[in-house]
Amino acid sequence: MTGIFILDKPEGFTSFDAVAVARRLFGQKKIGHTGTLDPMATGVLPLLLGRATRAESLLPDTEKEYRASFALGTRTDTGDITGETIDHTDARVSREQLFAVLPRFRGEILQVPPMYSAIKKDGKRLYELARKGIEVEREARPVTIGRLELLRFDEEQQAGELLVSCSKGTYIRALIEDLAAAAGTLGTMTALRRTRACGFSLAEAVPLDEARRLAETEDLSALVRPVEGLFAVYPAVTVSTAQAARFANGGALEKARTSLRGNPLADGERLRVLGPDGQFLGLAETAEGELRVLRLFCEPSPGRKEMQA
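Residues numbered from 1 in each chain as written. Predicted model: local features only at pLDDT ≥ 70, side-chain atom pairs only at ≥ 80, totals over all residues. Heavy atoms only, no water.

Trainee: What am I meant to see in the side chain of threonine 195 here?
Mentor: Here threonine 195 shows up in strand 12 (residues 187-197). The class of threonine 195 is buried, set by a relative accessible area of 10%. When residues no more than four places from it in sequence are discounted, the contact partners of threonine 195 are Val44, Glu65, Tyr66, Arg67, Phe200, Ser201 and Leu202. (Helix = DSSP H or I, 4+ residues; strand = E, 2+ residues; numbered from the N terminus. Buried < 20%, exposed > 50% of the residue type's maximum accessible area, 1.4 Å probe, protein only. Contact = heavy atoms within 4.5 Å.)

Trainee: When you look at the UniProt feature "domain: tRNA pseudouridylate synthase B C-terminal" (unreviewed entry) in the chain in this model, what are you seeing that I'm missing?
Mentor: In this numbering, the UniProt entry assigns the feature "domain: tRNA pseudouridylate synthase B C-terminal" (unreviewed entry) to residues 173-230. As a span, residues 173-230 carries 34% helix and 26% strand, and end to end its C-alpha atoms are 27 Å apart. (UniProt positions renumbered as here; feature names shortened; annotations may be inferred.)

Trainee: Looking at this structure, how should I read helix 1 (residues 15-26)?
Mentor: Because an α-helix completes one turn every 3.6 residues, residues spaced three or four positions apart along the sequence face the same direction. For helix 1, spanning 12 residues, the distance from its first C-alpha to its last is 16 Å, which sits close to the expected 16 Å at 1.5 Å a residue. Within the span of helix 1, buried status applies to Ser15, Ala18, Val19, Val21, Ala22 and Phe26. The arc enclosing the buried residues of helix 1, seen along the axis, measures out at 165°, which places them on a common side. With respect to the buried face of helix 1, the exposed residues turned more than 90 degrees away are Phe16 and Arg24. Residues of helix 1 that are buried in the fold lie against strand 1 (3-9), strand 2 (31-33), strand 3 (42-49) and helix 5 (208-217). Glycine 27 lies just past helix 1 and shows a positive phi near 65°. (Expected span 1.5 Å × (residues − 1). Arc of directions from axis to C-beta.)

Trainee: What's the story with empty space enclosed by the protein in this structure? I'm lost.
Mentor: To find leftover empty space, a probe the size of one water molecule is rolled over the atoms. One pass over the full model with this rule turns up one cavity of 30 Å³ or more. Elements supplying a minimum of two residues to the lining of the largest cavity: strand 4 (64-72) and helix 4 (172-182). The leading source of residues in the lining of the largest cavity is helix 4, at three residues. For the lining of the largest cavity, the per-class residue count stands at nine nonpolar, no polar and no charged. (1 Å grid on protein atoms, 1.4 Å probe; cavity = no way out; pocket = protein on both sides within 12 Å on 5 of 7 lines; lining within 4 Å. Points joined across faces, edges and corners; volume = space filled by probe spheres on them. Nonpolar A, V, L, I, M, F, W, Y, C, P; charged D, E, K, R; others polar.)

Trainee: Please clarify how the UniProt feature "domain: tRNA pseudouridine synthase II TruB subfamily 1 C-terminal" (unreviewed entry) in the chain should be interpreted in this entry.
Mentor: As recorded in UniProt, the sites labelled "domain: tRNA pseudouridine synthase II TruB subfamily 1 C-terminal" (unreviewed entry) are residues 235-297. Segment residues 235-297 splits into 13% helix and 40% strand. End C-alpha atoms: 16 Å apart.

Trainee: I'm lost on a negative patch on the surface in this one. Help?
Mentor: A surface patch of negative charge is lined by Glu96, Asp154, Glu155 and Glu156. On the accessibility criterion, glutamate 156 (61% relative accessible area) is exposed. (Patch = residues over 30% accessible without salt bridge, like charges linked within 9 Å, V, L, I, M, F, W, Y side chains within 5 Å. Areas by Shrake-Rupley, 256 points an atom, 1.4 Å probe, with all protein chains shown as cover. Salt bridge = Lys/Arg side-chain N within 4 Å of Asp/Glu carboxyl O. Lys, Arg positive; Asp, Glu negative; His and termini not counted. Charge placed at Lys NZ, Arg CZ, Asp CG, Glu CD.)

Trainee: Please explain unusual backbone geometry as it appears in this structure.
Mentor: Phi is mostly negative for residues that are not glycine, and the peptide bonds are mostly trans. Of note in the backbone geometry, glutamine 158 takes a positive phi value of approximately 55° without being a glycine. Mapped onto the fold, glutamine 158 is located in the loop between strand 10 (141-154) and strand 11 (159-166). What makes glutamine 158 buried here is its relative accessible area of 5%. Phi is positive for cysteine 198, close to 55°, though the residue is something other than glycine. With respect to the element layout, cysteine 198 can be found in the loop between strand 12 and strand 13 (200-201).

Trainee: Looking at this model, I keep getting lost on the sheet that holds strand 15 (residues 236-238). Mind explaining?
Mentor: Where strands meet in a sheet, backbone hydrogen bonds hold them as pairs that are either parallel or antiparallel. Judged by pairing direction, the sheet is mixed, and its five strands sit side by side in the order 15-17-18-19-16 without closing on themselves. The sheet is open, and its two borders are formed by strand 15 and strand 16 (253-254), each paired with just one other strand. As paired strands, strand 16 and strand 19 (residues 290-296) are joined by two bridges and run antiparallel to one another. Looking at strand 19, one finds that glutamate 254 is bridged to glutamate 290. (Pairing = 2+ DSSP bridges.)

Spelled out as structure tokens, the structure:
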């Protein structure tokens, strides 16, 4: 089976745990995921089934959206409540103080990744060093915060919730710590729920318990979405039967012989290539007047060797 299954990941599961469960539910080994969620985090986790796994390295950098709960006054070694408290302050802030610092963190900002992250430093994962009590210098990296709103804040409890839309590679834990510091206090993330990823929303996600129930009583394949949905941000070009056959066999297509004739596409543009029946064949990249195969997702024709382009 090939396609995308949108899972609402429960708390306490790693992304790899979710994949392992999905392999049992769907009865197939070839399953991957589109982006890691920490065990304490819940929400949208698109799983890639079958040939869809080859999309993982080509996913567009679409915004992800989160609802993040936080508590002020403490800081932990992990940046969230799963860690040990390493600092505390009696400083208190008001709702107005938090609102005042939010604009500083909207748009493109520089963010220092937390030590408890999967980023590598000299060949070692940062979290591996952190578990040994080793802290190393990390370079700040550019990330983009498209939306940042304070949904609620209880001044008595010094706790609240944020809505964050951000680019790939943004650490919400680090964002909360930086926001708290800008307001003159400390901060820790207490809960995280991903509400949008890869263009899919929480409304489209299936809770794990429901997926287990459906696997026993119904055919889960009805909930599997076409792999093309991962690339909806790219324009589509529909080709003829002969061109579809050529493309599916790894051959480049002359742009001038397609409906893109006269379209001033720059080299390096990506397109969804559809057959005359609307079937998604794969991704093409423009180069020197051609549409060259970037990755195929259609089933191989009889007698054709599988292509890994």
